[in-house]
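As a plain string of letters, each chain reads:
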Amino acid sequence: RAKKNLKTNFEYYEPEMEQETTWRLEMIRKLAIDFESRKLQLWYQPQVDLVTEQIVGMEALLRWPTEDGGFVSPAVFVPLAEYSGLIIDIGAWVIEESCKKLAELNQQGFSGLRMAINISMPQFRDPNFIESVKNIITDNGIEPDRIELEITESVVMDEPQIVVEALQELKSFGVKVAIDDFGTGFSSMSYLQKLPLDRLKVDRSFVNEITPGKSAFIVETIVTLGNKLGLSTIAEGVEKREQASYMLKLGCDEAQGYLFAKPMPFEQLLEFLSEQTN
Ligand code: C2E
Ligand code: MG
Ligand code: MG
Ligand code: MG
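Source: prediction; values computed, not measured.

**Things to note about the packing of aromatic side chains**
- Counting across every chain of the model gives 5 aromatic pairs.
- Aromatic side chains Phe35 and Trp93 sit 6.5 Å apart centroid to centroid with 70 degrees between the ring planes, which places their arrangement in the edge-to-face category. Of this pair, Phe35 sits in helix H1 (residues 2-36) while Trp93 sits in helix H3 (residues 86-107), and the two are 58 residues apart along the sequence.
- The positively charged end of Arg24 is found above the aromatic ring belonging to Tyr83, 4.4 Å away from the centroid.
- Here the guanidinium or amino end of Lys101 rests over the ring plane of Phe266, the centre of that ring lying 5.2 Å away.

If you want it as structure tokens, here you go:
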């Protein structure tokens with residue numbers, strides 16, 4: 001009887017699995033074509049100092065436009081790019097493009113800003129990765145400490161040795177390292193001591209828990225942990241004034257979220273920065 005059920009389930013699920021695979025392959029094919037024809041965009045989300053609320057940097061975020069004027073969510077296509085290996089080329093473009101834009105900001109008089117760049121695991125497996133990051137930074141005349149690489153806990157857990165070594169080398173070059181979506185992975189805490197980290201990004205889901213009259217033990221614990229480890233902290237997904245105040249009260253250094261600014265194209269970022277300095 002159990003066998004029969006299994007068989008039935010299998011027969012039922014197979015066509016769906018095939019559809020799913022076809023869909024994924026089709027998305028990957030489209031992504032490769034659109035990347036080659038330079039249709040991917042980079043948007044930038046400002047990051048602010050919680051005390052002064054001045055912009056101190058921005059995170060580069062990929063955007064894949066669709067024909068109907070919308071966007072495919074990076075939460076959907078970044079995993080496909082990782083799975084297919086496309087992320088190696090796309091990621092290299094992200095680093096190059098964001099560094100060029102940071103250099104342009106410097107030329108326009110917006111100096112001292114930091115550019116945060118998301119890095120996926122397959123990029124660390126690319127033997128040219130470290131050299132190319134260094135070259136791009138040097139070629140664009142950027143101070144290495146203005147670049148911050150964001151990695152998630154899962155990246156570290158995948159292949160700790162490769163990642164730790166690469167980060168150590170980039171770190172000695174001067175680049176900064178942040179752990180992204182902190183607290184959402186399944187990792188042990190031990191890597192926190194092994195990794196050459198500078199900043200801890202408190203995941204949006206914990207910041208979201210901050211509502212009036214309710215204490216938020218998890219964010220409090222994360223900020224304390226960051227402080228004790230000597231790391232800077234930044235809160236992700238700050239949408240409400242009370243969330244910003246609470247994070248400031250906890251001693252969190254910076255924030256990023258719709259309360260301050262949504263991700264925006266570069267031209268709009270320039271306008272946004274001009275308004276801030278006026
Ligand atoms: P992430 O690195 O954690 O980026 C932050 C995400 O939170 C962004 O989503 C941003 O738009 C969103 N966000 C920021 N503030 C708020 C807020 O106040 N409320 C809400 N609800 N959301 C907010 P996005 O742009 O959709 O990117 C999703 C993820 O895709 C990123 O998460 C990152 O993991 C990945 N990703 C994006 N660009 C790249 C890239 O160039 N390379 C790699 N490897 N991954 C990328
Ligand atoms: Mg990020
Ligand atoms: Mg994040
Ligand atoms: Mg996140």
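**Re the confidence of the model for the chain**
- Taken residue by residue, the chain gives an average pLDDT of 92. The fraction at 70 or more is 93%.
- For this predicted complex, the interface score ipTM comes out at 0.98, while the overall pTM is 0.93.

**Let's talk about the site of ligand 1**
- Taken together, 21 residues lie around ligand 1, and Arg63, Ser120, Asp180, Glu239 and Tyr258 are the ones closest in.
- The side chain of Arg63 places a nitrogen or oxygen atom 2.8 Å from an oxygen atom of ligand 1.
- With respect to ligand 1, the side chain of Ser120 contributes an N or O atom lying 2.8 Å from a nitrogen atom.
- Counting residues per element, the ones that place at least two in the shell around ligand 1 are strand S2 (55-65), helix H2 (74-84) and strand S6 (176-182).

**A short note on the coordination of the magnesium ion (ligand 3)**
- For the magnesium ion (ligand 3), the protein coordination sphere consists of Asp180 (OD), Asp181 (OD) and Glu236 (OE), at 1.5 to 2.3 Å.
- Counting the intervening residues between successive donors of the magnesium ion (ligand 3) yields the motif D-D-x54-E.
- Between the magnesium ion (ligand 3) and the magnesium ion (ligand 2) the interatomic distance comes to 3.7 Å, and Asp180 is a ligand of both metals. Placement of Asp180 in strand S6 and of Glu236 in the loop between strand S8 (232-235) and helix H11 (241-250) is noted, with a sequence separation of 56 residues between them.
- Here Asp180 falls in the buried class, since its relative accessible area comes to 6%.

**Some points on unusual backbone geometry**
- Phi at Arg38 is positive, roughly 60 degrees, even though this residue is not glycine.
- Within the secondary structure, Arg38 is located in the loop between H1 and strand S1 (41-49).
- Its relative accessible area of 72% is what places Arg38 among the exposed residues.
- Unlike most non-glycine residues, Asp181 shows phi in positive territory, near 50 degrees.
- As for its position among the elements, Asp181 is in strand S6.
- A relative accessible area of 24% places Asp181 in the partly exposed class.

**Section: the side chain of Gln123**
- Among the secondary structure elements, Gln123 is positioned in helix H4 (residues 121-125).
- Classification of Gln123 by relative accessible area gives buried; the value is 3%.
- In terms of polar contacts, Gln123 uses its side chain to reach the backbone amide nitrogen of Ser120, at 2.8 Å.
- Residues contacting Gln123, with those up to four places away along its chain left out, are Ile87, Ile88, Gly91, Ala92, Ile95, Asn118 and Phe129.

**Notes on the pattern of salt bridges**
- Using the criterion set out here, one finds 15 salt bridges in the structure.
- For Lys39, the salt bridge identified is with Asp34, shortest N-O distance 3.9 Å.
- When its relative accessible area of 16% is taken as the criterion, Asp34 is described as buried.
- Linking Lys101 and Glu97 is a salt bridge whose minimum nitrogen-to-oxygen distance equals 3.0 Å.

**Some remarks on the pairing of strand S4 (residues 114-118)**
- Taken across its 5 residues, S4 has 4 buried, putting it largely inside the fold.
- Here S2 pairs with S4 via 4 bridges, running parallel. What sits directly across from Glu59, in S4, is Ala116.
- Two strands pair when backbone bridges link them, and S4 and strand S5 (residues 147-152) are joined in this way by 4 bridges, in the parallel orientation. When the sheet's bridge partners are listed, Asn118 is paired in S5 with Glu150.

Parameters and conventions
- Residues numbered from 1 in each chain as written.
- Chains lettered and ligands numbered in written order.
- Predicted model: local features only at pLDDT ≥ 70, side-chain atom pairs only at ≥ 80, totals over all residues.
- Heavy atoms only, no water.
- Phe/Tyr/Trp six-rings, centres within 6.5 Å; stacked < 30°, edge-to-face > 60°.
- Helix = DSSP H or I, 4+ residues; strand = E, 2+ residues; numbered from the N terminus.
- Lys NZ or Arg CZ within 6 Å of the ring centre and 35° of its normal.
- pLDDT = per-residue confidence, 0-100.
- Near = heavy atom within 4 Å.
- Polar contact = N/O pair within 3.5 Å; in protein donor to acceptor, adjacent residues only side chain to side chain.
- Donors = N, O, S within 2.8 Å, 3.2 Å for Na, K, Ca; no water.
- Buried < 20%, exposed > 50% of the residue type's maximum accessible area, 1.4 Å probe, protein only.
- Contact = heavy atoms within 4.5 Å.
- Salt bridge = Lys/Arg side-chain N within 4 Å of Asp/Glu carboxyl O.
- Pairing = 2+ DSSP bridges.

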